[in-house]
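# Tertiary structure, described
Take a look at the letters that make up each chain.
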Amino acid sequence: MNRQMKLWVGVGAFVITQVSPQAIASLTPEAVSTEDRPIAAQIPAVAPAPWSAAQAGGVGGEGGEGGEGGEGIAPQSVGFCAAIAVEGGGEGGESGAAQPVSSPVRVYGVATVPASPFGDRQLLANFVDTVLLPTYGDLNRAAQRLNRAIAQFAARPTQANLQATRQAWLAARLPWESSEAFAFGPAASLGYDAGLDDWPVNEVDVLAILQSQDALTPEYLETLQTSQKGFHTIEFLLFGRNNDKRLTDFTPRELEYLQLIGADFAATAENLLASWAEGVEGYPAYRKEFVEAGDRSTAYPTPQAAATELVQGIIDILDELGAVKIGEALDAQNPFLLESRFSHSSLQDFYQNLRSVELTYFAGSASRPGRHSLSRYVASIDPSLDTQVRQYLLAAESAVKAIPGPIETTLCDPAAKPRIAAARDSLLTLRGVFEQWIMPLVQE
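Since the model is a prediction, treat every value here as computed from it, not as a measurement. Note on numbering: residues in each chain are counted from 1, in written sequence order. Selection of residues for local features in this predicted model requires a pLDDT of at least 70, selection of side-chain atom pairs for listing and counting requires 80 or more, and totals for whole chains, interfaces and linings are taken over all residues. Only heavy atoms go into the side-chain values, all of them from the structure, while hydrogens and water stay out.

## Overview of the overall build of the protein chain
The numbering of helices and of strands both runs from the N terminus, where a helix is a DSSP run of H or I of at least 4 residues and a strand a run of E of at least 2. In terms of helices and strands, the protein chain carries 17 helices and zero strands. Between buried and exposed lies partly exposed: a residue is buried under 20% and exposed over 50% of the maximum accessible area for its type, with that area taken using a 1.4 Å probe on protein chains only. Considering the protein chain as a whole, with its 444 residues, one finds that 57% of them fall into the buried category. A sequence separation of at least 24 residues applies to 81% of the contacts in the protein chain between residues at least 6 apart. Surface accessibility in these figures is a Shrake-Rupley result with a 1.4 Å probe; residues are shielded only by whichever protein chains are displayed. When the accessible surface of the protein chain is totalled, it reaches about 17,700 Å², and 53% of it is carbon and sulfur. Throughout, a contact is declared for two residues whenever any of their heavy atoms are within 4.5 Å.

## What to know about the nonpolar core
It is characteristic of soluble globular proteins that their nonpolar side chains tend to be buried jointly. As used in this record, nonpolar core signifies buried Ala, Val, Leu, Ile, Met, Phe, Trp, Tyr and Cys residues forming a set joined through side-chain atoms within 4.5 Å. The biggest cluster of nonpolar side chains holds 115 residues, and the ones touching the most others in it are Phe290 and Phe434. Here this core gets 17 residues from one element, more than from any other, and that element is helix H3 (residues 121–155). With residues near it in sequence (within four places) discarded, phenylalanine 434 still touches Val311, Ile314, Ile315, Leu318, Val357, Tyr361, Val389 and Met439.

## Describing the pattern of salt bridges
Each salt bridge in this description consists of a side-chain nitrogen of Lys or Arg and a carboxyl oxygen of Asp or Glu lying within 4 Å of one another. Under the defined criterion, the tally for this structure stands at 21 salt bridges. Across the pair arginine 141 and aspartate 138 runs a salt bridge whose closest N-O atoms are separated by 2.6 Å. Here aspartate 138 and arginine 141 lie together in helix H3, a separation of three residues that amounts to about one turn. Arginine 141 sits in the partly exposed class, given a relative accessible area of 46%. Among the residues examined, aspartate 138 registers a relative accessible area of 37% and is labelled partly exposed. In this structure, the salt-bridge partner of arginine 173 is aspartate 349, at a minimum N-O distance of 2.8 Å. In this pair, arginine 173 sits in helix H4 (residues 159–177) while aspartate 349 sits in helix H13 (residues 346–362), placing the two residues 176 residues apart along the sequence. Taken together, the shared-partner salt bridges in this structure form one network comprising Arg173, Glu177, Glu180, Asp197, Lys325, Glu339 and Asp349.

## Topic: the environment of tyrosine 136
Note that tyrosine 136 resides in helix H3. A C-alpha to C-alpha distance of 7.6 Å links tyrosine 136 and tryptophan 176, two positions 40 residues apart in sequence.

## Here's the deal with the environment of valine 311
Of note, valine 311 is situated in helix H12 (residues 303–332). Take valine 311: its relative accessible area is 0%, and that puts it in the buried class. When the C-alpha positions of valine 311 and valine 442 are compared, they lie 8.2 Å apart, and in sequence the two are 131 residues distant. When near neighbours in sequence (up to four residues on either side) are disregarded, valine 311 contacts Leu374, Phe434, Ile438, Met439 and Val442.

## Describing the packing of aromatic side chains
Two measures describe an aromatic ring pair: the distance that separates the ring centres and the angle between the ring planes. Centres within 6.5 Å make a pair out of two Phe, Tyr or Trp rings, where for Trp the six-membered ring is used; the pair is then stacked when the planes are under 30 degrees apart, edge-to-face when over 60, and tilted otherwise. Applying the stated criterion across every chain, the model contains 18 aromatic pairs. Residues phenylalanine 127 and phenylalanine 182 carry aromatic rings whose centres are separated by 5.3 Å and whose planes lie at 85 degrees to one another, so their mutual orientation is edge-to-face. Placement of phenylalanine 127 in helix H3 and of phenylalanine 182 in the loop between H4 and helix H5 (186–189) is noted, with a sequence separation of 55 residues between them. As far as burial versus exposure is concerned, phenylalanine 127 and phenylalanine 182 are alike and both buried. Between tryptophan 169 and phenylalanine 239 the ring centres are 5.7 Å apart and the planes differ by 65 degrees, which places this aromatic pair in the edge-to-face class. Taken together, the residues span a long stretch of sequence, with tryptophan 169 in helix H4 and phenylalanine 239 in helix H9 (residues 231–239) at a distance of 70 residues. Using a relative accessible area of 4% as the deciding quantity, one classes phenylalanine 239 as buried. Members of the aromatic cluster, each reached through a chain of ring pairs, are Phe127, Tyr136, Phe182, Phe184, Trp276, Tyr286, Phe290 and Tyr300. The ring of phenylalanine 250 carries lysine 245 above its face, with NZ or CZ at 4.1 Å from the centroid. The rule for a charge over a ring is simple: NZ of Lys or CZ of Arg within 6 Å of the ring centre, and within 35 degrees of the ring normal. A cation sits over an aromatic face here: arginine 341 above phenylalanine 336, 4.2 Å from the ring centre.

## What to know about the confidence of the model for the protein chain
For every residue, the predictor states its confidence as a pLDDT score lying anywhere from 0 to 100. Across the protein chain, pLDDT averages 82, with 75% of residues at or above 70. Every residue in residues 1–6 is under pLDDT 50, and counting partners more than four places away or in other chains gives nine contacts.

## Some thoughts on the side chain of arginine 166
Inspection of the secondary structure assignment puts arginine 166 in helix H4. For the buried arginine 166, no salt bridge is present, and the opposite-charge side chain at shortest range is aspartate 249, 7.3 Å distant. Polar contact criterion, stated in full: a pair of N or O atoms within 3.5 Å, where within protein one must be able to donate a hydrogen and the other to accept it, and residues adjacent in sequence count only if both atoms are side-chain atoms. In terms of polar contacts, arginine 166 uses its side chain to reach the backbone carbonyl oxygen of leucine 238, at 2.9 Å. What arginine 166 contacts, discounting residues up to four positions off in sequence, is Leu238, Phe239 and Lys245. Charge assignment in this entry is limited to Lys and Arg as positive and Asp and Glu as negative, and neither His nor the chain termini are counted.

## With respect to H12
Under the 1.5 Å per step criterion, the end-to-end length of H12 is 41 Å for 30 residues, consistent within 8% with the ideal 44 Å. A maximum bend of about 35 degrees is found in H12 at isoleucine 326. Within H12, 29 of the 30 residues are buried, which leaves it mostly tucked inside the rest of the structure. Phi for glutamine 333, located one or two positions after H12, is positive at around 50 degrees. Take the residue count of a helix, subtract one, and multiply by 1.5 Å to get its expected span. Here the bend at a residue means the angle between the axes of two seven-residue stretches, the one that ends at it and the one that starts at it.

## Concerning the packing of H3 against H12
Packing of H3 against H12 brings their axes to within 10 Å, and their N-to-C directions diverge by 40 degrees. The angle between H3 and H12 places the two elements in the oblique class. The crossing of H3 and H12 is left-handed. Taking contact as the criterion, the partners of Arg121, Leu123, Leu124 and Phe127 in H3 are, on H12, Pro303, Ala306, Ala307 and Leu310. Axes here refer to lines fitted to C-alpha atoms; in helices the fit is confined to the stretch in contact. Angles between the N-to-C directions go from 0 to 180 degrees. The scheme is simple: roughly parallel for angles under 35 degrees, roughly antiparallel for over 145, roughly perpendicular for 65 to 115, oblique for anything else. Left-handed describes a crossing whose near helix is turned anticlockwise from the far helix through less than a right angle; right-handed describes the clockwise counterpart.

Structure representation (structure tokens):
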């Protein structure tokens, strides 16, 4: 191991530049008092404009090589519904340079101005110790169980072992998707996010690997794109294209490939946890960088910069969930654009993404928020604002849970479309709440 000391210089700088006043400029708040701030049901939510085919490359930018997403073109008519591959990389992909179109959802109200700048380092420490590290710990344990299940299935490919491996995959999704509101720091800068969860899968190249004679070795693994390993390649191999793969469909080559990427997946999850708790690749533990923001941190010049990172993470996952994971698929009427379409578990991902928002805001749950949490901090400045954030969050959760599932089969059902659209709009409205009302409370 290279023991040369490295610094986290600039890791937080990208996020800091992303939350300039431009972050809330598009909302154009009306000049009304904070007492007139409406509850969730009174906020007009306007559906975002459909993405163009060129924008279908995903949110990108988080690192990793990204997937081509197969070959083909997006459907030209929303009246046609089929899982058609579109060009462009997935989350963290090279071709994901295009950014999502900002939703015209408008939140009315005037942001509260705090009496003094944010400076609660205990909030930062509490978040890492009670939310982030336990969640990454759960992910690491689930990843090791998945790796062992894959190994057992490869050694004895029975229906029982296949079912156990699929369940292990679904179980590993829970902590990962509930961490997406805080996929910053090493998850982004060291590529762990893309290494674990790049999507869409590059099916063409995955099939090419299966059809080739290349030896499936750790050295060969290093030549693969992130869209040829990780969660969704494992999902593709385990479940098939439409959650319909039979035990007799598995080939020895597929089982060998599964073992290779299963071990890599487990190692990546372990490194993600270590990057915060202990440090990796010569970098110090990122916990120290985050908690000591404004003191001895090389990544965060002020406590406000670290708190801004937290709020921006909430905004980013709400935007991705509303505008991309749900909105893009709904606008195109294309189930291919759903993230966990192979296993028909995209709705589970949506629920857990909202849980990641709850974990980050409450440092726990709405019923038992952490003593040092964003929720308590907001309530100390404006109790009514915290109450209304809870209302918006509850409204978004209810709207997502109202989506009939599995969404892979209901996406194109005309009867389900209004509920799916309502969930998208509620998520983008919640994003606007954090963008306009919460972000100013922690920014410099």
